[in-house]
Amino acid sequence: MLEELKEANNYIVGKIEEKDSLILEMEAFALEHNVPIVTKEVAKYLEFLVSSYNFKNILEIGTAIGYSGTIMGRIAKKNNGKLTTIEIDETRYNEALENFKKANLLDSVNLILGDGIEEVKKIDAKFDFVFIDASKGHYMEFFNDSFERLTDDGMIFIDNIMFRGYLYKEYPKRFKTIVRRLDEFITYLYENHNFVLLPFGDGIGLVKKN
Ligand SMILES: C[S@@+](CC[C@H](N)C(=O)[O-])C[C@H]1O[C@@H](n2cnc3c(N)ncnc32)[C@H](O)[C@@H]1O
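The model shown is predicted, which means the values in this text are computed figures rather than measured ones.

Definitions and cut-offs
- Residues numbered from 1 in each chain as written.
- Predicted model: local features only at pLDDT ≥ 70, side-chain atom pairs only at ≥ 80, totals over all residues.
- Heavy atoms only, no water.
- Helix = DSSP H or I, 4+ residues; strand = E, 2+ residues; numbered from the N terminus.
- Rg over C-alpha atoms; globule rule 2.2 N^0.38 Å.
- Contact = heavy atoms within 4.5 Å.
- Buried < 20%, exposed > 50% of the residue type's maximum accessible area, 1.4 Å probe, protein only.
- Pairing = 2+ DSSP bridges.
- 1 Å grid on protein atoms, 1.4 Å probe; cavity = no way out; pocket = protein on both sides within 12 Å on 5 of 7 lines; lining within 4 Å.
- Points joined across faces, edges and corners; volume = space filled by probe spheres on them.
- Nonpolar A, V, L, I, M, F, W, Y, C, P; charged D, E, K, R; others polar.
- Near = heavy atom within 4 Å.
- Polar contact = N/O pair within 3.5 Å; in protein donor to acceptor, adjacent residues only side chain to side chain.
- Areas by Shrake-Rupley, 256 points an atom, 1.4 Å probe, with all protein chains shown as cover.
- Sits in = over half its atoms within 2 Å of the grid points.
- Core = buried A, V, L, I, M, F, W, Y, C linked by side-chain atoms within 4.5 Å.
- Expected span 1.5 Å × (residues − 1).
- Arc of directions from axis to C-beta.
- Phe/Tyr/Trp six-rings, centres within 6.5 Å; stacked < 30°, edge-to-face > 60°.

*Asks:* Go over the overall build of the chain, please, and point to the residues and values.
*Replies:* Across its full length, the chain carries 8 helices and 7 strands. Scaling as 2.2 N^0.38, a compact globule of 210 residues should have a C-alpha radius of gyration of about 17 Å, and the chain matches this with 17 Å. In terms of principal-axis extent, the alpha carbons of the chain reach across some 45 × 40 × 35 Å. Pairs at least 24 apart in sequence give 72% of the contacts found in the chain among residues at least 6 apart.

Next up, the structure:
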């Protein structure tokens, strides 16, 4: 992003004033404990999309403390649907459980402790919205398993698809495999799916089935 655009973006994001106390509490917790959660503008966009399309059966891979899950779960609940969300780390899972309790969402959230790679394959259900936000080296696998479970008018939202810009600039050697896999994944999506890449936040990929 051009430097001026970055500054303009920061200025505009500064206008997003969150009033919900639980969301504010989770943002503060994530900052204090270094938990990666979606940025404010991505959270806004996620909420905008899920509420505009009235998605009701939502799958999330990568719960962390339940920040994006609370945003989506509230909308799913309003639409008489359900959020299924998978987290591999037990500490995060327990934090998310507490937050879903506080949000009064336990009746409409199915929180799974496990590896998304195995857990998605076990699910016998259809989703109209899938949010992929876990280990980037496995995005292709998360995507293919989710796509099989996507309703005909469903949408998949892939966060951090530009991986801090490492796809097109020099990157630390340890990220070699992730960068190669993400690069191949983006090419695959352009060639085989109804896909757009939105270059804000850390890059958002959207796939619409039909
Ligand atoms: C970026 S955070 C998710 C943030 C969350 N979606 C939010 O915005 O509030 C990624 C999470 O995915 C989890 N994770 C990583 N690999 C995973 C896997 N294979 N299956 C399930 N969860 C995974 C990590 O433990 C971490 O909590």
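*Asks:* With reference to specific residues and values, describe the pairing of strand 7 (residues 204-208).
*Replies:* The buried count for strand 7 comes to 5 of 5 residues, which makes it a mostly enclosed element. Alternating positions in strand 7 separate into two faces, Ile 204, Leu 206 and Lys 208 on one and Gly 205 and Val 207 on the other, with burial throughout. Looking at chain direction, strand 5 (residues 150-158) and strand 7 are connected through 4 bridges and run antiparallel. Directly across from Ile 158, in strand 7, lies its bridge partner Gly 205. Where strand 6 (residues 195-198) meets strand 7, 4 bridges bridge the pair, whose relative direction is antiparallel.

*Asks:* Give me the layout of surface pockets: which residues, what numbers.
*Replies:* For the largest pocket, the calculated volume is near 1,200 Å³. Lining of the largest pocket is provided by 46 residues; of these, Asp 133, Lys 136, Asp 159, Asn 160 and Asp 202 occupy positions nearest its centre. Those elements that provide at least two residues to the lining of the largest pocket are helix 1 (3-13), helix 3 (40-52), helix 4 (67-78), strand 2 (82-87) and helix 6 (116-122). With 4 residues, the single largest contributor to the lining of the largest pocket is helix 1. Partitioning the lining of the largest pocket into residue classes produces 21 nonpolar, 13 polar and 12 charged.

*Asks:* Which residues make up the site of the ligand, and what values go with them?
*Replies:* The full set close to the ligand counts 21 residues, and Gly 62, Glu 87, Asp 115, Gly 116 and Asp 133 are the nearest of them. Note that a nitrogen atom of the ligand is positioned 3.3 Å from one of the side-chain N or O atoms of Glu 60. Coverage of the ligand by the protein amounts to 87% of the 610 Å² it exposes when considered alone. Comparing atom positions with the cavity grids shows the ligand to sit within the largest pocket. Looking at the shell around the ligand, the elements with two or more residues in it are helix 4 and strand 2. Residues of the shell around the ligand, tallied by class, amount to 10 nonpolar, 6 polar and 5 charged.

*Asks:* Give a detailed account of the nonpolar core, specifying residues and quantitative values.
*Replies:* Ile 58, Tyr 67, Met 72, Phe 129 and Phe 157 are the most contacted members of the largest nonpolar core, which totals 35 residues. Contributions of two or more residues to this core are made by helix 2 (21-32), helix 3, helix 4, helix 5 (90-102), strand 3 (109-113), strand 4 (127-132), strand 5 and strand 7. Broken down by element, the residue count for this core peaks at 6 residues, all from helix 3. Not counting residues within four places of it along the chain, the set of residues in contact with Phe 157 comprises Val 42, Tyr 45, Leu 46, Leu 49, Phe 129, Val 130, Phe 131, Ile 132, Ile 204, Gly 205 and Leu 206.

*Asks:* Any chance you could break down unusual backbone geometry for me, citing the residues and the numbers?
*Replies:* One non-glycine residue, Asn 34, adopts positive backbone phi at about 55°. Along the chain, the position of Asn 34 falls in the loop between helix 2 and helix 3. For Asn 160, which is not a glycine, the phi torsion comes out positive at approximately 60°. Looking at the secondary structure, you find Asn 160 in the loop between strand 5 and helix 8 (176-192).

*Asks:* Residue-level account of helix 8, with values.
*Replies:* Its 17 residues place the ends of helix 8 24 Å apart at the C-alpha level, agreeing with the 24 Å of an ideal helix rising 1.5 Å per residue. When we look at burial in helix 8, the residues that qualify are Val 179, Leu 182, Phe 185, Ile 186 and Leu 189. Seen along its axis, helix 8 keeps its buried residues to an arc of 125°; they face one direction. Set apart from the buried face of helix 8 by more than 90 degrees, the exposed residues are Lys 176 and Glu 191.

*Asks:* Tell me about the packing of aromatic side chains, and please be specific about residues and values.
*Replies:* The geometry of an aromatic ring pair is captured by the separation of the ring centres together with the interplanar angle, meaning the angle of the planes. Here the structure, examined in full by the defined rule, presents 11 aromatic pairs. On the numbers, 4.9 Å between centres and 25° between planes, the contact of Phe 55 with Phe 129 is stacked. One end of the pair, Phe 55, is in the loop between helix 3 and strand 1 (57-61); the other, Phe 129, is in strand 4, and 74 residues separate them in sequence. The same class applies to Phe 55 as to Phe 129, namely buried.

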